[in-house]
Amino acid sequence: MGNNFDMVAKTLYGFEDLLETELNRLGAINVKKGIRSVTFQGDKGFMYKANLCLRTAIKILKPIQSFNIRNEEDLYARIYKMPWENYLTHYNTFAIDATVHSDVFTHSKYMALKTKDAIADKFRNTQGKRPNVDIKFPDLRIHIHIQKNHCTVSLDSSGNSLHKRGYKTATNIAPINEVLAAGMIMLSGWDGQCDFLDPMCGSGTIPVEAAMIACNIPPNINRKEFAFEKWPDFDEDLFDKIIESSLKKTREFHHKIYGYDKAPSAVRKAIANVKNANLSDYISIEDQNFFRSEKITEEKLHILFNPPYGERLAIDMEEFYASIGDTLKQEYPNTDAWFITSNLEALKHVGLRPSRKIKLFNGPQESKLVKYEIYSGSKKAKFNR
Ligand SMILES: C[S@@+](CC[C@H](N)C(=O)[O-])C[C@H]1O[C@@H](n2cnc3c(N)ncnc32)[C@H](O)[C@@H]1O
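Residues numbered from 1 in each chain as written. Predicted model: local features only at pLDDT ≥ 70, side-chain atom pairs only at ≥ 80, totals over all residues. Heavy atoms only, no water.

1. Comments concerning the sheet that holds strand β9 (residues 195–198)
Working step 1: If you trace the seven strands from one edge of the open sheet to the other, you get β11-β10-β9-β12-β13-β15-β14, paired in mixed fashion. Looking at strand neighbours, the two that pair on one side only are β11 (283–287) and β14 (356–362), the edges of this open sheet. Going across the sheet, the axis of each strand differs from the next one's by a mean of 20°, ignoring polarity.
Working step 2: Both β9 and strand β12 (residues 301–305) contribute to a ladder of three bridges, which runs parallel. Along β12, the bridge assignment pairs L197 with I303.
Working step 3: Packed on one face of the sheet, helix α5 (residues 178–187) meets β9, β12, β13 (335–341), β14 and β15 (365–374) and runs near 170° to β14.
Working step 4: Sheet strands touched by helix α6 (residues 205–214): β9, β10 (257–261), β11 and β12. Its angle to β10, the strand with the most contacts, is close to 175°. (Pairing = 2+ DSSP bridges. Helix = DSSP H or I, 4+ residues; strand = E, 2+ residues; numbered from the N terminus. Axes fitted to C-alpha atoms, helices over the stretch in contact; angles between N-to-C directions. Contact = heavy atoms within 4.5 Å.)

Rendered as structure tokens:
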């Protein structure tokens, strides 16, 4: 296919396999896993689809040139030579992001500044006027990736990180990243074939992501804007067709998703976010203390949540995590329970033996996604205390 080009989808630590599978299912070509990224090929329509439909991508980059550099002057000269008039005019705005993994070049901000200077000087020298920089809402976001002495220049087709799905207008104090939430649900293997509960749902991120997975709704259907919509070659009809065809692939979901929180303010926010996502038919948010709750179904239940870590929320973590374990084993038979925490000390107090432990990062914090299998008869539960 002549119109295919290279792209890079960036993701979070531990989600490379999930993203590779998502890309293959979506129809990408030459899919190859990297570190926190997956490279692939597709055409313009596929780039729109990738931004709209990938649950575990945080950005889709379109590399336009790569070269080796020995010093900052090389970078300036190579950037200066590029045909920026194909992507920008002097009345547009632009911004540069730089990631640098190199012993030679250590200051990503300086490399971004050199790139900005080269582009601005090129316009000033050839057209007498230069485009301005707008860090927040640029018309074109350019990404510089420097690995040792190799530089890749890409156009950022997403803009704001793709975890900004557009449904979350109300947030609580410790909301989880939407990409992390979706990836954890996918890692946990929930396939929409039983009820789902987030017993400490905060602003409702996990229930919303779960419902979108269950119904196969494109995760970014509510997003206000993608960077590619400002590109000179943006094809609005094509994007509309991609949206329409992606929405045709939604499916029925015959179970229920529940979100509990004991804080009434969190409950209000979660209800508002579920409504924003148009998912009120599938999700029930309830004002409930998990430790005083009991299982609502005799059927299999899938639990996934992120309890407080104890950093921002001042409570006795050992007791709190012991209560999680007690509640699960006393009130939640026939349940697969997963949660993520970076509090490894508190985790020891759950009092159940995890059947899986997966290393992830919640923001900068190294964390564990743990699984506890609670069987039907309490005697079968895997106790270790
Ligand atoms: C880390 S936050 C969850 C964030 C959520 N995933 C989000 O995206 O907004 C933990 C939540 O647990 C709630 N919580 C703490 N103890 C609880 C309990 N015993 N029962 C129910 N909710 C509880 C807090 O009110 C808080 O909203």
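More follows now that the structure is in view.
2. Observations concerning the domain arrangement of the protein chain
Working step 1: Once the domains are mapped, the protein chain shows domain 1 (5–156) and domain 2 (178–217 + 225–374).
Working step 2: Taking only C-alpha atoms, the centre of domain 1 and the centre of domain 2 are 32 Å apart.
Working step 3: Listed as interface residues are 28 residues of domain 1 and, on the opposing side, 28 residues of domain 2.
Working step 4: When the two sides are added together, the surface that domain 1 and domain 2 hide from each other amounts to roughly 2,400 Å², 71% of it contributed by carbon and sulfur.
Working step 5: Together, Y13, Y48 and R55 form the three largest contributors to the area buried by domain 1 at its contact with domain 2, with a combined 32%.
Working step 6: Taken together, the connections running from domain 1 to domain 2 amount to two salt bridges.
Working step 7: Taking the shortest distance from any N to any O, the salt bridge between K44 and D233 comes out at 4.0 Å. (Domains from an automatic or database assignment. Buried area = accessible area lost by both parts, 1.4 Å probe. Salt bridge = Lys/Arg side-chain N within 4 Å of Asp/Glu carboxyl O.)

3. Points about the pattern of salt bridges
Working step 1: Using the criterion set out here, one finds 15 salt bridges in the structure.
Working step 2: Between D156 and K59 there is a salt bridge, with its nearest N and O atoms 2.5 Å apart. Here D156 is found in strand β8 (residues 150–156), whereas its partner K59 is found in strand β4 (residues 59–68), with 97 residues between them in sequence.
Working step 3: Judged by its relative accessible area of 0%, D156 is buried.
Working step 4: Since its relative accessible area comes to 15%, K59 is described here as buried. (Buried < 20%, exposed > 50% of the residue type's maximum accessible area, 1.4 Å probe, protein only.)

4. Regarding a negative patch on the surface
Working step 1: Taken together, the side chains of D235, E236, D237 and D240 present a region of like negative charge at the surface.
Working step 2: Topologically, D237 is positioned in helix α7 (residues 236–247).
Working step 3: Residue class for D237 comes out exposed when judged on its relative accessible area of 55%. (Patch = residues over 30% accessible without salt bridge, like charges linked within 9 Å, V, L, I, M, F, W, Y side chains within 5 Å. Areas by Shrake-Rupley, 256 points an atom, 1.4 Å probe, with all protein chains shown as cover. Lys, Arg positive; Asp, Glu negative; His and termini not counted. Charge placed at Lys NZ, Arg CZ, Asp CG, Glu CD.)

5. A few points about the side chain of K49
Working step 1: By the secondary structure assignment, K49 is in helix α2 (residues 44–53).
Working step 2: Despite its burial, K49 remains without a salt bridge, the nearest opposite charge being carried by D43 at 7.9 Å.
Working step 3: When near neighbours in sequence (up to four residues on either side) are disregarded, K49 contacts L26, L54 and I242.

6. Focus on the nonpolar core
Working step 1: If you look at the biggest cluster of nonpolar residues, it comprises 63 residues, and the most contacted ones within it are M184, W190, L279, Y321, L328 and F339.
Working step 2: Element by element, the count of residues in this core is highest for α6, at seven residues.
Working step 3: Residue contacts for W190: discarding those within four places in its chain leaves I185, D195, F196, A210, A214, F253, I257 and H302.
Working step 4: Core analysis: the second largest hydrophobic core is formed by 49 residues, M7, A50, L88 and I96 among them. (Core = buried A, V, L, I, M, F, W, Y, C linked by side-chain atoms within 4.5 Å.)

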